[in-house]
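# Topology and contacts: notes
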Amino acid sequence: MQRAQILVVDDDPRIISLLRRSLTFEGYETITADNGAEGLQVLLNKDPDLIILDVMMPQVDGWEVCRRVRESGSLTPILMLTAKDEVDARVKGLDLGADDYLVKPFALEELLARVRALLRRKTEKAEEVNKLTFEKLILDLDAREAIRDGRTIELTSKEYDLLYLFMNNPRRVLTRDNIMEKIWGYDFSGESNVLEVYIAMLRQKLEEGGETRIIQTVRGTGYVLREKGGQEL
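Note that the coordinates shown come from a computational prediction; the quantities given were computed from them, not determined experimentally. (Residues numbered from 1 in each chain as written. Predicted model: local features only at pLDDT ≥ 70, side-chain atom pairs only at ≥ 80, totals over all residues. Heavy atoms only, no water.)

### Considering the overall build of the protein chain
Applied cut-off: Under the scheme used here, helices are H or I runs from DSSP no shorter than 4 residues and strands are E runs no shorter than 2 residues, and both carry numbers assigned from the N terminus. Every radius of gyration here is taken over C-alpha atoms, with the globule rule written as 2.2 Å times N^0.38, N being the number of residues. Type-normalised accessible area, obtained with a 1.4 Å probe on protein chains alone, sets the label of each residue: buried when under 20%, exposed when over 50%, and partly exposed for intermediate values. In what follows, residue pairs with any heavy atoms lying within 4.5 Å of each other are defined as contacts.
Looking only at helices and strands, the protein chain has eight helices and twelve strands in total. Taken over the C-alpha trace, the protein chain has a radius of gyration of 25 Å; the compact-globule value for 233 residues is 17 Å, which it surpasses by more than 25%. Residues counted as buried form 40% of the 233 residues belonging to the protein chain. When contacts within the protein chain are restricted to residue pairs at least 6 apart in sequence, long-range pairs at least 24 apart make up 54% of them.

Structural data, given as structure tokens:
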């Protein structure tokens, strides 16, 4: 398993030394920068999993580093360190996009616990991005398979594309022409009932464990992904 990479930006050499040793001992890959400008330079070439960022630094302070990181579109978790304990300072950091806040002097055990929590939260968010959910149906975008009520459903390429389209448009009626265009393209010249055949196969797989029907027909129009209780029209 690849080690999480953590960037520590602080102008206090004692803090840098302490965190480098402690984080390395915990199994993290640690990169350090002595000031905000150097930290921003590191971020041009590195994409760390977490940034531990001191606030009070000369030239480019932690507020500015945090602001630039978020303006770049990066969602990398940021744990800010500061000697200030005023509410306004904490609010400012959070408003700029920091994920957590720790006041100096801090207990090393607490810092490590917050690091673990932020990295865990990042992993959970990444997993959420790679999955679509509707009711108790999950579409795993990495494995290209569906899971319903804990039951794994293997899908063909076209079944996956079809379910992906529905799960990206929950409760929205999709016309037959729109589905044909999205899944088979403008130039598709197959049998006219190909969509109905694939809908039937997909329904069979989704309902094989006795589950309720969620891909419903809207007569004369198309299909809709809708929770149980909705009536086919």
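### As for the sheet that holds strand β8 (residues 145-148)
What counts here: Pairing between strands is defined by DSSP: at least two bridges between them are needed. Axis lines are fitted through C-alpha atoms, for helices just across the contact stretch, and the angle between N-to-C directions can take any value from 0 to 180 degrees.
Spatial ordering of the open sheet is given by β6-β7-β8-β9, a layout of four strands whose pairing is antiparallel. The sheet terminates laterally at β6 (131-134) and β9 (151-154), the two strands that pair on one side only. For this sheet the average axis-to-axis angle between neighbouring strands, irrespective of direction, equals 20°. Inspection of the sheet shows β8 paired to β9 by four bridges, in the antiparallel sense. Bridging across to β9, Glu145 finds its partner in Glu154. The strands touched by helix α6 (residues 157-167) are β6, β7 (137-140), β8 and β9; relative to β7, the strand with the most contacts, the crossing angle is about 120°. Against the sheet, helix α8 (residues 194-206) contacts β7, β8 and β9, and its axis sits at roughly 160° relative to β9.

### Regarding the packing of α6 against α8
The geometry of a pair of packed helices is captured by two quantities: the angle between their axes and the separation between those axes. Under the convention used in this document: In this scheme, roughly parallel covers angles under 35 degrees and roughly antiparallel covers those over 145, while 65 to 115 is roughly perpendicular and the rest are oblique. For this scheme, ten residues count as nonpolar: Ala, Val, Leu, Ile, Met, Phe, Trp, Tyr, Cys and Pro. Four count as charged, namely Asp, Glu, Lys and Arg, and the remainder, Gly too, count as polar.
One way to put it is that α6 packs onto α8 with a least axis distance of 10 Å and a crossing angle of 85°. Classified by the angle between their axes, α6 and α8 sit roughly perpendicular to one another. Taking contact as the criterion, the partners of Lys158, Glu159, Leu162, Leu163 and Phe166 in α6 are, on α8, Leu195, Tyr198, Ile199, Met201, Leu202, Lys205 and Leu206. Each residue belonging to the contact of α6 with α8 can be placed in one class, and the counts come to nine nonpolar, no polar and three charged.

### As for the sheet that holds strand β12 (residues 222-225)
On the basis of which strands lie adjacent, the open sheet formed by three strands has the order β10-β12-β11 and antiparallel pairing. Among the strands making up the open sheet, the edge pair consists of β10 (174-175) and β11 (215-218). Note that β10 and β12 share two bridges and pair antiparallel. Within β12, the position partnered with Leu174 by the bridge is Tyr223. In the packing of α8 onto the sheet, contacts are made with β11 and β12, and the angle to β11 comes to roughly 145°.

### Quick look at the packing of aromatic side chains
Counted only if it meets this: In summary, the pairing rule links any two rings of Phe, Tyr or Trp, Trp by its six-membered ring, whose centres are within 6.5 Å, and it sorts them by plane angle into stacked for under 30 degrees, edge-to-face for over 60 and tilted for everything else. Any Lys NZ or Arg CZ found within 6 Å of a ring centre and within 35 degrees of that ring's normal is scored as a charge over the ring.
Counted under the stated rule, the structure contains two aromatic pairs. Its end group placed over the ring of Tyr160, Arg144 keeps NZ or CZ at 3.8 Å from the ring centre.

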